[in-house]
Amino acid sequence: MSAQPDHAPVTPYAPAPGAPAELLAQLRADRRAAQWVPAFERDWAAALEESRRTFSLAGLYEVVQEWQGRLAHAPAVDAFVASGHDDSASIDMAELRGRRR
């Protein structure tokens, strides 16, 4: 028998208690701070409001995880952009959907 109630979803990821503050400090130190800090703060405020309504921390955890991912992958994105690779041949999904009709 499980100690978990049936109605409570199991959260696969739970950041450390100080993770949001550490993440915000890292975002403020990044060269994209002017765009990223306000965006993070908007996402965090929305998740916090949702958390207050639902009594769930899942939305807050998701915001932290998404922004940690963005920050972690930023150097790879920068390297790709700096390399001059041509990504103009990528698939435009909106155009592809339009062709099916």
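These numbers were taken from a predicted model, which means no experiment stands behind them.

Asker: Is there a simple way to explain helix H3 (residues 58-83) in this structure?
Answerer: Compared with an ideal rise of 1.5 Å per residue, which puts 26 residues at 38 Å, H3 spans 37 Å between its outermost C-alpha atoms and is within 8% of the ideal. Considering bend angle alone, the principal kink of H3 is centred on His73 and spans about 40°; proline Pro75 follows within four residues of it. Along H3, the positions that sit buried rather than exposed are Gly59, Leu60, Val63, Val64, Trp67, Leu71 and Ala74. Of the surrounding elements, those touching the buried residues of H3 are helix H1 (19-29) and helix H2 (33-54). Looking at the residues trailing H3, positive phi occurs at Gly84, about 80°.

Asker: Help me understand the environment of Phe40, please; the structure alone is not making it clear to me.
Answerer: Looking at where Phe40 falls in the secondary structure, it is placed in helix H2. The buried category is assigned to Phe40, whose relative accessible area is 3%. When the C-alpha positions of Phe40 and Pro20 are compared, they lie 9.9 Å apart, and in sequence the two are 20 residues distant. For Phe40, the contacting residues outside a window of four places in its chain are Pro20, Leu23, Leu24, Leu27, Val63 and Trp67.

Asker: Looking at this structure, how should I read the packing of aromatic side chains?
Answerer: Aromatic ring pairs are described here by two measures, namely the spacing of the ring centres and the angle between the planes. For the structure on display, the rule yields three aromatic pairs. Look at Trp36 and Trp67: their rings are 5.8 Å apart centre to centre, the planes differ by 75°, and that puts the pair in the edge-to-face class. Taken as a pair, Trp36 in helix H2 and Trp67 in helix H3 lie far apart in primary sequence, 31 residues in all. Like Trp67, Trp36 is buried. The interplanar angle of 20° and the centroid separation of 6.0 Å between the aromatic rings of Phe40 and Trp44 together place this pair among those described as stacked. Of this pair, Phe40 and Trp44 both sit in helix H2, separated by four residues, roughly a single helical turn. When its relative accessible area of 24% is taken as the criterion, Trp44 is described as partly exposed. Its end group placed over the ring of Trp67, Arg70 keeps NZ or CZ at 4.3 Å from the ring centre.

Criteria and thresholds
Residues numbered from 1 in each chain as written. Predicted model: local features only at pLDDT ≥ 70, side-chain atom pairs only at ≥ 80, totals over all residues. Heavy atoms only, no water. Helix = DSSP H or I, 4+ residues; strand = E, 2+ residues; numbered from the N terminus. Expected span 1.5 Å × (residues − 1). Bend = angle between axes of the 7 residues up to and from the residue. Buried < 20%, exposed > 50% of the residue type's maximum accessible area, 1.4 Å probe, protein only. Contact = heavy atoms within 4.5 Å. Phe/Tyr/Trp six-rings, centres within 6.5 Å; stacked < 30°, edge-to-face > 60°. Lys NZ or Arg CZ within 6 Å of the ring centre and 35° of its normal.

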